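Report on the structure
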Amino acid sequence: MSECSFCANRSNCLGFTNNTTITAGGPTTFCIGDSVTLTSSPGTTYLWSTAANTASINVKTAGSYSVQVTNANGCQSAASIPTVVTVNALPATPTITPGGPTSFCEGDSVTLNSSAGTAYLWSNEQFHQI
């Protein structure tokens, strides 16, 4: 009988702990176009909820991610506590509306108004927050 013939009972898996965890290599909430690397606790083989079989996965889409590890004795853990990844949409491209003519004499000015937002960084690097 192999060391893991009783693995359904998990307590008979020698040296096996059922504490599979995921470590995020950065924020799990980010904007479209960014990503986060999720890394499993040590094992011999890995099975992610995405069907990937590597120790780490690079995540670019929102979802709930879990992993199971198998140790050297062939004992497979229960699924880890899921790590939730949230991907936020990018804000709409702003529009600029001039408050008057954009051609004027030296010494005159025009006020430029942006579409709605919570913070603004103009091309002349002037930052304004509402």
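Residues numbered from 1 in each chain as written. Predicted model: local features only at pLDDT ≥ 70, side-chain atom pairs only at ≥ 80, totals over all residues. Heavy atoms only, no water.

Let us look at the layout of surface pockets. Considering only enclosed or pocket space, the largest pocket measures out at about 290 Å³ in volume. Taken together, 14 residues make up the lining of the largest pocket; nearest its centre are Pro94, Ser114, Ser115, Ala119 and Tyr120. When residues in the lining of the largest pocket are grouped by element, the largest group, 3 residues, is from strand 11 (residues 119-121). Of the residues assigned to the lining of the largest pocket, the class counts are 9 nonpolar, 5 polar and no charged. (1 Å grid on protein atoms, 1.4 Å probe; cavity = no way out; pocket = protein on both sides within 12 Å on 5 of 7 lines; lining within 4 Å. Points joined across faces, edges and corners; volume = space filled by probe spheres on them. Helix = DSSP H or I, 4+ residues; strand = E, 2+ residues; numbered from the N terminus. Nonpolar A, V, L, I, M, F, W, Y, C, P; charged D, E, K, R; others polar.)

With that settled, the discussion passes to the sheet that holds strand 2 (residues 29-31). Pairing in this open sheet of 3 strands is mixed, and the strands run 2-8-6 from one edge to the other. Edge positions in the sheet fall to strand 2 and strand 6 (63-65), since each of these pairs with one other strand and no more. Between one strand axis and the next, the sheet turns by 25° as a mean value, whatever way the strands run. Here 3 bridges tie strand 6 to strand 8 (residues 83-88), and the two strands are oriented antiparallel to one another. Bridge pairing in strand 8 links Tyr65 to Thr83. (Pairing = 2+ DSSP bridges. Axes fitted to C-alpha atoms, helices over the stretch in contact; angles between N-to-C directions.)

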